[in-house]
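Coordinate analysis (summary)
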Amino acid sequence: MFAGDVLDAAAVSEAVVGHDVVVSALGTREGDDWILPQAAAHICAAMRRHDVRRLIAVSALGVGESRAQLGPTFAILAVDLRQTLAEKEAQEQVIRESGLDWLIVRPGALTDGPHTGAYRCVTDPAVALPRALISRADVADFILKHLAGHEYLGQAVSLAY
């Protein structure tokens, strides 16, 4: 385990050394000023510096083209989530432009439910995900299954039941 600050480029660089994959599951907090794109820039720079190619980053369902996958209820919630979604969109942009082997994971609303292994992995923004919930355990399951291999590489994958 490594304690550090994602806004400290030197600390991020030290954390990346000697690893094969970086998994970023950073979230937003009210009052924080756009940490995600800054953190993504530090992570990607450190990965390039230390020749670590694979990045798996957790974002959120509703970011970018995945907004179309959600139903009308989301349109109401999106007003409250506008700042968070914009910050995650900026994070994803940094990752997409990084030149790394990336995979963006866009889970639906997170629950504390059990691991089921029975979730949908969707890359087509035209596919609706009306039950946009998923347990943290199932998100972890997806990430662990994709630490290696090339399925979904260079794609954003929406996860939901």
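The preceding data block contains the structure.
Computed from a predicted model, the values in this text were never measured in an experiment.

Some words on the overall build of the chain
When its secondary structure is counted, the chain shows four helices and seven strands. Shown N-terminal to C-terminal, the secondary structure of the chain runs as helices and strands in the order α-β-α-β-α-β-β-β-β-α-β. Relative to the compact-globule value of 15 Å for 161 residues, the chain shows a C-alpha radius of gyration of 15 Å, a close match. Each principal axis of the C-alpha distribution contributes one length, and for the chain these read about 45 × 35 × 30 Å. The burial tally for the chain puts 40% of its 161 residues in the buried class. Within the chain, contacts between residues separated by at least 24 positions form 77% of all contacts whose residues are at least 6 apart in sequence. Of the accessible surface of the chain, which amounts to about 8600 Å², a share of 56% is contributed by carbon and sulfur atoms. Each charge sign in the chain was given a centre, from 14 positive and 20 negative side chains, and these centres are 4 Å apart.

Comments concerning the environment of L100
Mapping L100 onto the fold places it in the loop between helix 3 (72-96) and strand 3 (101-107). The buried category is assigned to L100, whose relative accessible area is 6%. With 46 residues separating them along the chain, L100 and R54 place their C-alpha atoms 6.4 Å apart. Residues contacting L100, with those up to four places away along its chain left out, are C44, M47, R48, V52, R53 and L55.

Things to note about the sheet that holds strand 1 (residues 21-24)
Each strand in a sheet pairs with another by means of backbone hydrogen bonds, the pair being arranged parallel or else antiparallel. Read from one edge to the other, the open sheet built from five strands follows the order 1-2-3-7-5, with strand pairing classed as mixed. In this open sheet, the two strands that pair with only one neighbour each are strand 1 and strand 5 (120-122). Adjacent strand axes in the sheet meet at a mean angle of 20°, parallel and antiparallel pairs treated alike. Judged from the four bridges that link them, strand 1 and strand 2 (residues 54-58) form a sheet pairing that is parallel. If you follow V23 over to strand 2, its bridge partner there is I56. The sheet contacts of helix 4 (residues 136-145) involve strand 1, strand 2, strand 3, strand 5 and strand 7 (155-160), and relative to strand 3 the element is tilted by about 165°.

Overview of the packing of helix 1 (residues 9-16) against helix 2 (residues 35-49)
As a packed pair, helix 1 and helix 2 sit with axes 9 Å apart at the nearest point and diverge in direction by 50°. Accordingly, the angle class assigned to the pair helix 1 and helix 2 is oblique. The interaxial crossing formed by helix 1 with helix 2 has right-handed handedness. Between helix 1, through A9, V12, S13 and V16, and helix 2, the contact on the second element is made entirely by H42, I43, A46, M47 and R49. Residue composition of the contact of helix 1 with helix 2, grouped by class: six nonpolar, two polar and one charged.

About the criteria used
Residues numbered from 1 in each chain as written. Predicted model: local features only at pLDDT ≥ 70, side-chain atom pairs only at ≥ 80, totals over all residues. Heavy atoms only, no water. Helix = DSSP H or I, 4+ residues; strand = E, 2+ residues; numbered from the N terminus. Rg over C-alpha atoms; globule rule 2.2 N^0.38 Å. Buried < 20%, exposed > 50% of the residue type's maximum accessible area, 1.4 Å probe, protein only. Contact = heavy atoms within 4.5 Å. Areas by Shrake-Rupley, 256 points an atom, 1.4 Å probe, with all protein chains shown as cover. Lys, Arg positive; Asp, Glu negative; His and termini not counted. Charge placed at Lys NZ, Arg CZ, Asp CG, Glu CD. Pairing = 2+ DSSP bridges. Axes fitted to C-alpha atoms, helices over the stretch in contact; angles between N-to-C directions. Parallel < 35°, antiparallel > 145°, perpendicular 65-115°, else oblique. Left-handed = near helix turned anticlockwise from the far one by under 90°. Nonpolar A, V, L, I, M, F, W, Y, C, P; charged D, E, K, R; others polar.

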